[in-house]
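Each chain, letter by letter, is given below.
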Amino acid sequence: VDGTLVSVDTTPWTYDGSAVVKIATDNGQVDVHLPARWNLCKAPPPDDLQSLKAGDRVRATGTVTEDGGLVVCERAEHVLRKTP
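Okay, so let's go over this structure. (Residues numbered from 1 in each chain as written. Predicted model: local features only at pLDDT ≥ 70, side-chain atom pairs only at ≥ 80, totals over all residues. Heavy atoms only, no water.)

1. A few points about the overall build of the chain
- Check the secondary structure of the chain and you find zero helices and seven strands.
- Ordered by position from the N terminus, the helices and strands of the chain form the series β-β-β-β-β-β-β.
- The C-alpha atoms of the chain give a radius of gyration of 12 Å, which matches the 12 Å a tight globule of 84 residues would have.
- Here the C-alpha coordinates of the chain stretch approximately 30 × 25 × 25 Å along the principal axes.
- Sorting the 84 residues of the chain into buried and exposed places 35% on the buried side.
- A sequence separation of at least 24 residues applies to 48% of the contacts in the chain between residues at least 6 apart.
- Of the roughly 5,100 Å² that the chain leaves accessible, carbon and sulfur atoms contribute 49%.
- Of the side chains in the chain, 9 bear a positive and 12 a negative charge, and the two mean positions are spaced by 5 Å. (Helix = DSSP H or I, 4+ residues; strand = E, 2+ residues; numbered from the N terminus. Rg over C-alpha atoms; globule rule 2.2 N^0.38 Å. Buried < 20%, exposed > 50% of the residue type's maximum accessible area, 1.4 Å probe, protein only. Contact = heavy atoms within 4.5 Å. Areas by Shrake-Rupley, 256 points an atom, 1.4 Å probe, with all protein chains shown as cover. Lys, Arg positive; Asp, Glu negative; His and termini not counted. Charge placed at Lys NZ, Arg CZ, Asp CG, Glu CD.)

Below, the structure written as structure tokens:
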């Protein structure tokens, strides 16, 4: 998905959960989940997550979840990054 970053919540990482990045797209909002244990993922870690801020243009590629979100982890081509 391509869109505008709404928020980044890394709090779940403190208890081994997934960080949640909310992205506004033309078709609504998508929650992108970033697992706490990147060492178990095939995907590279996201670009400097702490530098991302609301309003940034981003692209996320991942596995679609039952609730319509994305998980960035399962494949090497999965990614979350800023776009121009």
